[in-house]
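# What the coordinates show
Letter by letter, the chains look like this.
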Amino acid sequence: MARYFDVHPVDPQPRLIGQIVQILRDGGLIAYPTDSCYALGAQMGNRDALDRIRQIRRLDGKHHFTLVCRDFAQLGQLVNVDNDVFRAIKGVTPGPYTFILPATREVPRRMLHPKKKTVGVRIPDSNVVRSLLGELGEPILSSTLLLPGDEDPLIDGWDIKERLDHVLDAVVDAGDCGTEPTTVIDFSDGYAEVARHGSGDASRFE
C-alpha cells in the first residue's frame, strides 16, 4: 500500500520531504508532481524500480528514461553538452522540457538507449521537485505517469493512489500540476529535433 503525502506546492513541508526522500533511499518507487503532470520516480541506480516502471508502463528497451536534475551542475555530470546546446537549453530552463543527450559514464547503462547511448534530462520549475532533489542530493530517475491504454497522464493524487496503490510506495500530492507531459527535444545528432510536442513551447527548436 502506497503512503499518501499532501505537500504544499509553494512551501513544501521539510518533514514530509524528508520522509519521501527516505522512501526513495530505501529503494521505493513514488508518483510525484512536476511542472508538467505526474511522473514515476526512484533513485538513479535502483534497478528494481527501473524494472517496476517498465512493467507499470509496459515500456520496451528503447524508451528514454529521464533524469530530473536540480540545476545545471547536476545535469552537466550526466550528459555531454557543447556550448551551443548549453545555450539552447539554458534559454528555456527551468521549465517543462526534456532534452535527449549523449550520456556520460555517470549514468547506469540500463538507463541508456541501447543504440544511441543517450538519456533524457530536465530541470523542472517546481518547488516540490526542487525540495526533493535538494534533500536527496542526486537526480531522480523518472518517467511520465502515462498508463498503457490511457491517452493522457494521470493528474489526480487520490486517483493515482487508487489505481496504483499495490505497485507504488508513495504518492505525493501538491495540487494541480497540469495534464500535458514535457516537450522533448532530441539533441542526439548534435542538432535540435522536436521528438514530442508538449507543455513547453517548441517553436525556438523548429
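Everything in this summary refers to the structure shown in the same document. Computed from a predicted model, the values in this text were never measured in an experiment. (Residues numbered from 1 in each chain as written. Predicted model: local features only at pLDDT ≥ 70, side-chain atom pairs only at ≥ 80, totals over all residues. Heavy atoms only, no water.)

## Here's the deal with the nonpolar core
Counting residues in each nonpolar core, the largest one holds 44 residues, and the members touching the most others are Leu 67, Phe 99, Met 111, Val 119, Leu 145, Ile 160 and Leu 168. Breaking this core down by element, the ones donating at least two residues are strand 3 (38-43), helix 2 (47-57), helix 3 (72-76), helix 4 (83-90), strand 5 (97-102), strand 6 (118-122) and helix 6 (157-164). Counting residues per element, this core draws most heavily on helix 2, at four residues. Excluding residues that lie within four positions of it along the chain, Val 119 makes contacts with His 64, Phe 65, Leu 67, Val 79, Phe 99, Ile 100, Leu 101, Ala 103, Val 107, Met 111 and Leu 112. One finds Ile 17, Ile 30, Leu 132 and Ile 140 within the second-largest nonpolar core, a separate group that totals 21 residues. (Core = buried A, V, L, I, M, F, W, Y, C linked by side-chain atoms within 4.5 Å. Buried < 20%, exposed > 50% of the residue type's maximum accessible area, 1.4 Å probe, protein only. Helix = DSSP H or I, 4+ residues; strand = E, 2+ residues; numbered from the N terminus. Contact = heavy atoms within 4.5 Å.)

## Focus on helix 6
Those residues of helix 6 not exposed but buried are Gly 157, Ile 160, Lys 161 and Leu 164. Seen from one end, helix 6 has its buried residues packed into an arc of 100 degrees, which puts them on one side. Across from the buried face of helix 6, at angles greater than 90 degrees, the exposed residues are Trp 158 and Glu 162. Where helix 6 is buried, its residues touch strand 1 (3-6), strand 2 (30-33), strand 3, helix 2 and strand 8 (170-173). Near the N-terminus of helix 6, the side chain that reaches the backbone nitrogen of Trp 158, with its oxygen 3.3 Å away, is that of Asp 156. (Arc of directions from axis to C-beta. Polar contact = N/O pair within 3.5 Å; in protein donor to acceptor, adjacent residues only side chain to side chain.)

## Structural notes on the sheet that holds strand 6
Spatially, 10 strands are ordered 1-8-2-3-7-4-6-5-9-10 in an open sheet, and the strand pairing comes out mixed. The sheet terminates laterally at strand 1 and strand 10 (193-196), the two strands that pair on one side only. Ignoring strand direction, the axes of neighbouring strands in this sheet form an average angle of 30 degrees. Looking at chain direction, strand 4 (residues 66-68) and strand 6 are connected through three bridges and run parallel. Bridged to Leu 67 within strand 6 is Val 121. On top of the sheet, helix 6 reaches strand 1, strand 2, strand 3 and strand 8; it is set at about 170 degrees to strand 8, its chief contact. (Pairing = 2+ DSSP bridges. Axes fitted to C-alpha atoms, helices over the stretch in contact; angles between N-to-C directions.)

## Focus on the state of the cysteines
Here a disulfide denotes a covalent bond joining the sulfur atom of one cysteine to the sulfur atom of another. Counting across every chain of the model gives zero disulfides. No disulfide involves Cys 37; its sulfur sits 6.3 Å from that of Cys 177, the nearest cysteine. Cysteine Cys 69 is unpaired, with the sulfur of Cys 37 as its nearest cysteine sulfur at 17 Å. (Disulfide = S-S within 2.5 Å.)

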